[in-house]
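Below are the chains, spelled out letter by letter.
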Amino acid sequence: MRILLAIGCDEYIHPRLSKLSGAFNDAKAIYDHLVVDGWGEYDSSHSRLVLSPSLTEVREIIEELLFNSGPIDEFTFFFAGHGGTKDDAYFLCLKDSQLDRLSITALSMSQLFGWLNEAKVRQTNIIIDACQSGGITRDVSTLLNPSVIGKTGSPAVSILAASGSNESAEEVDGRGRCTDEVMRCLKGDVVVQTSRPVLDLVEIGKMVSESLGGQFQTPVYWGINLYGRAQFAKNPLYSGGQPHITEVISNFTTNTAANNYIRDNADRLWEFYLTMSRGFDAPRFIDLVEPFCDNFANNPDLIASFLEGIANTFGPRLRGSCDLFDEAQLHASCLAAMLAYSQENSAITVLTNDLTARVINCVDEAIRSLLIELQGSEYALLSAKAGFADLYFLPLRLLSILGWIGASAHASELIGRPELLSKSNALLLLKEIVEKYSQSIVAISDEQTSSFIAFATSRELLNCTDEVEVVSGYLFSTLYENRGIVAASGLSGSEAFSFLEARIRGDFSEVGEIIARPTTLLPALLLVYNSLGMPDVIDGSLKQFDHVNMNLYIPDNIKTFAEERMDGGLNYSFAIGHDIWSVADFVEQWRPIEQRILLDPNLSSSSVRSGALFSSLLRPNREPWYLLT
């Protein structure tokens, strides 16, 4: 069941709460559009339009709707009127509220959240068109308390507040500015999106915030959801017609087993969500969400809904992270978790393209930010407090940036949207890195292999052949200086320190367990030099790598690329000086491997190729060799 409660409070008893002229109008406009005109498909027998009620009346109405109406799939709460913050809590003022005793005469948002938790509403939309309504975010901690969330049912909540916590919410011509903008989105006067049949409140909030922000007031929007995309209202601009909203609502609604599984295992997800401010751990995240996907394996629609909810919820929390690529990694991790189910379902295909576009957009934003930072300081890519550690981790960071740029260039072509990535900005950043960080582009770890392959194979897409040649040269020369010895992937800080000490001494006898034996970086360099048409440049230097072992792992099924352990597949091992004395010798050995790679039918899918490519950047011990075929 879908229920709307729209409250408009123009009339107030307390003399310091002035009479309003637009709250009635705003509540009625929302109610008429979503209920009377049917654009929200809300149940007309249970939905309510309430004008200037007392606190007691509101409590009774909420109790009736939440606890006596039957199971609720979607509950939308709209309020227009006076509101305010007191003691770090936000209150909605009703007709009989008194400013000197808000805690007992006004509706507390934390109390409303508690009721929603207890009622186990699957999805709640909250719109507050009132002064200081951005203060509602202070009450969100009620929802983010794992002891509450894990026991009461994993809330899914979208919030739009009309103004910042220190701002007024203005009325013009008998209408609230915020509600007026919401109505423009709902009626199609403002294009929110045209690709989906429904609108969710978060995407509407984004449009409203962009429209009003910095001019009159700054709307605040926020969402948290494990159940897919909230179905707030039908989209009047959707090109595919207007189905009943329950036809597109997430089928978590009717899948009791899936709902219960998420509810029973939500604590781990929220724990990760709350700790993301300390940095995004992609492998840990993939390991966390893959069991959910496995549990829904018989219903790929549920996988798509769940991962879309995760992306929509976790993504905004990573905006403003100290690592500019964290949000890109999140969306890429959702793609990786979905890789095993690619090609099986249209919903997964649609979400794959959407998430791929999000990754590219995030990388494009990161490129612009890095260009600004590097123009301000040539030391922008150094860690603020890393010191000696940057001798090891800066080369990893630089190749990682190059890898995300290259992977995004590939992905934009795979989904047919090359315009998503500004290639001019990407090329400018590549030039900045090559010019300012040449001494830090060194071969230090096999962890660099995947990023190097993604970058080197994008040279025609980005018109960066010169930069690829320079980077390849720096990597090969430093690999030559250290006789082909690099660290294994995923070293800890103390292990990295031990490796650097050994490298400075030129004696690796005591750190054999953290050396990449065999290595994947050297064969990647050999194949790239061959593709550049420059094998002769390094042929004479291969004797320095005599007895260096190399390895290529080729999975039986590329769709397993994101899994922690890839079962099946073949390892191809080689040693310089044993039938390989030149690049041409290695290429001859590579040809049958190349043919084996091309036998995997899954590589014909652009969504699989995209998911596998991003997986290779997130999991440090697998390489996208198929890019070199």
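Analysis parameters
Residues numbered from 1 in each chain as written. Predicted model: local features only at pLDDT ≥ 70, side-chain atom pairs only at ≥ 80, totals over all residues. Heavy atoms only, no water. Helix = DSSP H or I, 4+ residues; strand = E, 2+ residues; numbered from the N terminus. Rg over C-alpha atoms; globule rule 2.2 N^0.38 Å. Buried < 20%, exposed > 50% of the residue type's maximum accessible area, 1.4 Å probe, protein only. Contact = heavy atoms within 4.5 Å. Areas by Shrake-Rupley, 256 points an atom, 1.4 Å probe, with all protein chains shown as cover. Lys, Arg positive; Asp, Glu negative; His and termini not counted. Charge placed at Lys NZ, Arg CZ, Asp CG, Glu CD. Expected span 1.5 Å × (residues − 1). Pairing = 2+ DSSP bridges. Axes fitted to C-alpha atoms, helices over the stretch in contact; angles between N-to-C directions. Parallel < 35°, antiparallel > 145°, perpendicular 65-115°, else oblique. Left-handed = near helix turned anticlockwise from the far one by under 90°. Nonpolar A, V, L, I, M, F, W, Y, C, P; charged D, E, K, R; others polar. Disulfide = S-S within 2.5 Å. Salt bridge = Lys/Arg side-chain N within 4 Å of Asp/Glu carboxyl O. Phe/Tyr/Trp six-rings, centres within 6.5 Å; stacked < 30°, edge-to-face > 60°. Lys NZ or Arg CZ within 6 Å of the ring centre and 35° of its normal. pLDDT = per-residue confidence, 0-100.

(A) Quick peek at the overall build of the protein. The helix and strand tally for the protein stands at 23 helices and 15 strands. Over its C-alpha atoms the protein spans a radius of gyration of 28 Å, differing by no more than 12% from the 25 Å that the globule rule assigns to 629 residues. Going through the 629 residues of the protein one by one, you find that 58% of them count as buried. Relative to all contacts within the protein whose residues are 6 or more apart in sequence, the contacts with residues 24 or more apart total 76%. Accessible area for the protein stands at about 24700 Å²; split by element, carbon and sulfur atoms hold 47% of it. In the protein, which carries 48 positive and 79 negative side-chain charges, the distance between the mean positions of the two groups comes to 3 Å.

(B) Here's a closer look at helix α1 (residues 23-36). Helix length check: α1 (14 residues) gives 18 Å between terminal C-alpha atoms against 20 Å at 1.5 Å per residue, within 8%. What α1 keeps buried is the set Ala23, Asp26, Ala27, Ile30, Tyr31, His33, Leu34 and Val35. Where α1 ends, the next residue or the one after it, Gly38, has phi of about 85 degrees, a positive value.

(C) Broad picture of the sheet that holds strand β4 (residues 83-86). Read from one edge to the other, the open sheet built from three strands follows the order β4-β5-β6, with strand pairing classed as antiparallel. A strand with exactly one partner marks an edge of an open sheet, and here the two such strands are β4 and β6 (107-108). Across four bridges, the pairing between β4 and strand β5 (residues 89-92) is antiparallel. Note that in β5 the partner of Thr85 across the bridge is Tyr90.

(D) How the structure looks around the packing of helix α2 (residues 55-67) against helix α4 (residues 109-119). Where α2 contacts α4, the two axes come as close as 10 Å, and the packing angle between them is 20 degrees. Compared by their axis directions, α2 and α4 come out roughly parallel. The element α2 and its partner α4 pack so that their crossing is right-handed. Listed contacts from α4 to Arg59, Ile62, Leu66 and Phe67 of α2 are Gln111, Leu112, Trp115, Leu116, Glu118 and Ala119. Across the contact of α2 with α4, the residue classes break down as seven nonpolar, one polar and two charged.

(E) A look at the state of the cysteines. Tallying each qualifying case throughout the model produces zero disulfides. Cys185 provides the cysteine sulfur closest to Cys178, a residue in no disulfide bond, and the two sulfurs are 9.5 Å apart. Taking the relative accessible area as the measure of exposure, Cys178 reaches 0% and is therefore buried.

(F) Molecular detail of the pattern of salt bridges. In the structure shown here, the tally under the stated rule is 19 salt bridges. A salt bridge links Asp180 to Arg175, with the nearest nitrogen and oxygen atoms 3.1 Å apart. Judged by its relative accessible area of 25%, Asp180 falls in the partly exposed class. Looking at Arg175, the relative accessible area reads 38%, which means it is partly exposed. Residue Glu210 pairs with Lys206 through a salt bridge whose shortest N-O separation is 2.7 Å. Placement of the pair is Glu210 and Lys206 together in helix α8 (residues 201-212), with a separation of four residues, close to one helical turn. The class of Lys206 is partly exposed, set by a relative accessible area of 38%.

(G) Representation of the packing of aromatic side chains in the model. With the rule as written, the count across this model stands at 18 aromatic pairs. When the centroid spacing of 6.2 Å and the interplanar angle of 70 degrees are considered together, the rings of Tyr480 and Phe545 count as edge-to-face. A residue pair is termed long-range when its members are at least 10 positions apart, and Tyr480 in helix α18 (residues 465-481) and Phe545 in the loop between α21 (535-539) and β14 (549-554) qualify at 65 residues. Through a chain of ring-to-ring contacts, the aromatic side chains of Phe272, Tyr273, Phe280, Phe285 and Phe314 assemble into a single cluster. Between the NZ or CZ atom of Arg2 and the centre of the ring of Tyr42, over which it lies, the distance is 4.5 Å. The ring of Tyr273 has Arg317 lying over it, and the distance from NZ or CZ to the ring centre is 4.8 Å.

(H) Expanded view of the confidence of the model for the protein. Averaged over all residues, the pLDDT of the protein is 89; the fraction at 70 or higher stands at 93%. Per-element averaging of pLDDT across the protein places helix α6 (residues 146-152) at the bottom with 45 and helix α16 (residues 449-456) at the top with 98. Every residue in residues 148-153 scores below 50 in pLDDT, and together they form 14 contacts with partners more than four places removed in sequence or on other chains.

(I) The sheet that holds strand β7 (residues 123-129), seen in detail. Within the open sheet, the six strands sit side by side as β2-β1-β3-β7-β8-β12. Their pairing is mixed. Looking at strand neighbours, the two that pair on one side only are β2 (48-51) and β12 (220-224), the edges of this open sheet. The sheet shows a mean angle of 5 degrees between the axes of neighbouring strands, direction not considered. Pairing geometry for strand β1 (residues 2-8) and β2, over four bridges, is parallel. Across the sheet, Ile7 pairs through a bridge with Val50, a residue of β2.

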